[in-house]
Amino acid sequence: MTAHAAVAAPRTGLRKFLRHKDDHGGPPRLTPGWTFAAWLATLAFFAPVAWMVLTSFHQEADAATNPPSLLAPFTLDQYELLLGRDITPYLLNSAMASVISTLLVLALAVPAAYALSIKPVEKWTDVMFFFLSTKFLPAIAALLPVYLIVKDAGMLDNVWTLIILYTAMNLPIAVWMMRSFLAEVPKEILEAAEVDGAGLPTVLLRIVGPVAMPGLAATALICFIFSWNEFLFAVNLTATNASTAPVFLVGFITNEGLFLARLCAAATLVSLPVLIAGWAAQDKLVRGLSLGAVK
């Protein structure tokens, strides 16, 4: 069996397995009551987002009424004011920090997960615990030491500082996730690749990569979201040149009051890249997060 044939074999076997389970009484379907409850829970989670988008199309006076006015006239004034305030540099800083840090995390996490799952090293459980232990310390407790180190290094208000921090923060999560995904790769694929004379880079890029792509997409999206939403280090380590989108949102909470409609418009714009990325990778995201759930 060649390596390419071995890649396709697990997918065919999985489809046959799923049909077999379905033919012999697979998992029970949800009753109408549970379906209705699931829809209610979905709407409950979606309601704040819908309310934010709706408020962004209102005037400040209509957004500040209590109770809020649902029938207030819609307007694009908040978005015009927002774009006039030049949100672009903040979005670019967030995009640069999130994308580059996510690529660095994947470049480091995939070989590490490969060594901890497919070709396990000695005492790999201790290694996994070490990665997990790095998340025990609250971020606020590390803020002062990190600030002093960054200040002494002359890296304050630098987007590369955020890239390094985001890479270090997301790497343990990525290693844990990728190890669980790579552990599901059939050993027959690797044996077939070794028979074909494939080296480690070829195995990772052409054999393991396509099989673990759903898990890779899920890991990348989660790391991207965590980096995009990070606020604590961004607001304390940046000033004008490297401020990110979450820092931009704070500017609407001033001594003059809370500009609610404009804040909702800014939050809607800031949320769009994450929503677009999630929508574009939704098929791989669902497959990746459910990988290994069917035994």
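These figures come from a predicted structure and were not determined experimentally. (Residues numbered from 1 in each chain as written. Predicted model: local features only at pLDDT ≥ 70, side-chain atom pairs only at ≥ 80, totals over all residues. Heavy atoms only, no water.)

Novice: Just to check I follow, could you spell out the overall build of the protein for this structure?
Specialist: Broken down by element type, the protein carries 15 helices and 2 strands. Looking at the protein as a whole, 35% of its 295 residues are labelled buried. Total accessible area on the protein stands at roughly 17,500 Å², and carbon and sulfur atoms take up 70% of it. (Helix = DSSP H or I, 4+ residues; strand = E, 2+ residues; numbered from the N terminus. Buried < 20%, exposed > 50% of the residue type's maximum accessible area, 1.4 Å probe, protein only. Areas by Shrake-Rupley, 256 points an atom, 1.4 Å probe, with all protein chains shown as cover.)

Novice: Any chance you could explain helix 2 (residues 32–56) here in plain terms?
Specialist: Residues three or four positions apart in an α-helix share a direction because the helix packs 3.6 residues into each turn. With 25 residues, helix 2 should cover 36 Å at 1.5 Å per step; its first-to-last C-alpha distance of 35 Å lies within 8% of that length. For helix 2, the principal kink sits at Phe-46 and spans about 35°; a proline, Pro-48, occurs within the next four residues. Among the residues of helix 2, those classed as buried are Met-52, Thr-55 and Ser-56. Taken together, the buried residues of helix 2 touch helix 3 (60–63), helix 4 (77–84) and helix 14 (260–280). (Expected span 1.5 Å × (residues − 1). Bend = angle between axes of the 7 residues up to and from the residue. Contact = heavy atoms within 4.5 Å.)

Novice: Help me understand the nonpolar core in this model?
Specialist: Within soluble globular proteins, side chains that are nonpolar tend to cluster in buried spots. Ranked by internal contacts, the top residues of the largest apolar core, which has 17 residues, are Tyr-114, Ile-118, Met-178, Leu-182, Val-185, Val-203 and Val-208. In this view, Leu-182 contacts Val-110, Ala-113, Tyr-114, Ser-117, Ile-118, Val-208 and Ala-212; residues no more than four positions away in its chain are not counted. (Core = buried A, V, L, I, M, F, W, Y, C linked by side-chain atoms within 4.5 Å.)

Novice: Any chance you could explain the packing of aromatic side chains here in plain terms?
Specialist: What characterises a pair of aromatic rings is the spacing of the ring centres plus the angle enclosed by the ring planes. Under the counting rule described, the total for this entry stands at 6 aromatic pairs. Between Phe-57 and Tyr-79, the aromatic rings sit 5.2 Å apart at their centres with planes inclined by 40°, giving tilted as the arrangement. Taken as a pair, Phe-57 in the loop between helix 2 and helix 3 and Tyr-79 in helix 4 lie far apart in primary sequence, 22 residues in all. Residue class for Phe-57 comes out partly exposed when judged on its relative accessible area of 25%. Using a relative accessible area of 14% as the deciding quantity, one classes Tyr-79 as buried. One aromatic cluster in this structure is built from Phe-57, Phe-74 and Tyr-79. (Phe/Tyr/Trp six-rings, centres within 6.5 Å; stacked < 30°, edge-to-face > 60°.)

Novice: Please clarify how the environment of Phe-248 should be interpreted in this entry.
Specialist: Inspection of the secondary structure assignment puts Phe-248 in helix 13 (residues 245–250). Classification of Phe-248 as buried rests on a relative accessible area of 4%. Taking the C-alpha atoms as reference points, Phe-248 and Leu-263, separated by 15 residues in sequence, lie 9.7 Å from one another. Once you skip the residues sitting within four places of it in the chain, Phe-248 turns out to touch Leu-82, Arg-85, Ile-87, Tyr-90 and Ala-266.

Novice: I'm lost on the environment of Arg-262 in this one. Help?
Specialist: Tracing the chain through its elements places Arg-262 in helix 14. Placed 205 residues apart in sequence, Arg-262 and Phe-57 show a C-alpha to C-alpha distance of 8.8 Å. Excluding residues within four positions of it along the chain, Arg-262 makes contact with Glu-60, Gln-78, Leu-81 and Phe-252.

Novice: Got a minute to help me understand the packing of helix 4 against helix 14 in this structure?
Specialist: When two helices pack together, their arrangement is captured by the angle between the axes and the distance separating the axes. In the contact formed by helix 4 and helix 14, the axes pass within 9 Å of each other and the chain directions differ by 70°. On the basis of their axis angle, the class for helix 4 and helix 14 is roughly perpendicular. Handedness of the helix 4/helix 14 crossing: right-handed. For the pair helix 4 and helix 14, contact is made by Gln-78, Tyr-79, Leu-81, Leu-82 and Leu-83 and by Ala-261, Arg-262, Ala-265, Ala-266, Thr-268 and Leu-269, respectively. Each residue belonging to the contact of helix 4 with helix 14 can be placed in one class, and the counts come to 8 nonpolar, 2 polar and 1 charged. (Axes fitted to C-alpha atoms, helices over the stretch in contact; angles between N-to-C directions. Parallel < 35°, antiparallel > 145°, perpendicular 65-115°, else oblique. Left-handed = near helix turned anticlockwise from the far one by under 90°. Nonpolar A, V, L, I, M, F, W, Y, C, P; charged D, E, K, R; others polar.)

Novice: Is there a simple way to explain the packing of helix 6 (residues 124–133) against helix 8 (residues 159–182) in this structure?
Specialist: Remark: helix 6 packs on helix 8, axes separated minimally by 8 Å, with the N-to-C direction vectors making an angle of 140°. One finds that helix 6 runs oblique with respect to helix 8. With respect to the hand of their crossing, helix 6 and helix 8 are arranged in left-handed fashion. Each of Trp-124, Met-128, Phe-131 and Leu-132 in helix 6 lies in contact with helix 8, whose residues at this interface are Pro-172, Val-175, Trp-176 and Arg-179. Considering only residue class, the contact of helix 6 with helix 8 consists of 7 nonpolar, no polar and 1 charged.

Novice: Just to check I follow, could you spell out a nonpolar patch on the surface for this structure?
Specialist: A surface patch of nonpolar side chains, about 470 Å² in accessible area, is lined by Phe-36, Trp-39, Leu-40 and Leu-43. For Trp-39, the position within the fold is in helix 2. Overall, the relative accessible area of 55% leaves Trp-39 in the exposed class. (Patch = residues over 30% accessible without salt bridge, like charges linked within 9 Å, V, L, I, M, F, W, Y side chains within 5 Å. Salt bridge = Lys/Arg side-chain N within 4 Å of Asp/Glu carboxyl O.)

Novice: How should I be thinking about the confidence of the model for the protein in this particular structure?
Specialist: Caution applies to low-pLDDT parts of the model: their predicted coordinates are not meant to be read in detail. In the predicted model, the protein carries a mean pLDDT of 80, and 84% of its residues have values of at least 70. Element-level pLDDT for the protein is lowest in helix 1 (residues 3–23), with a mean of 45, against a maximum mean of 93 in helix 12 (residues 232–237). Every residue in residues 1–24 is under pLDDT 50, and counting partners more than four places away or in other chains gives 21 contacts. (pLDDT = per-residue confidence, 0-100.)

Novice: Would you mind showing me how to read unusual backbone geometry here?
Specialist: One non-glycine residue, Asp-157, adopts positive backbone phi at about 55°. Secondary-structure assignment places Asp-157 in the loop between helix 7 (139–152) and helix 8. A relative accessible area of 17% places Asp-157 in the buried class.

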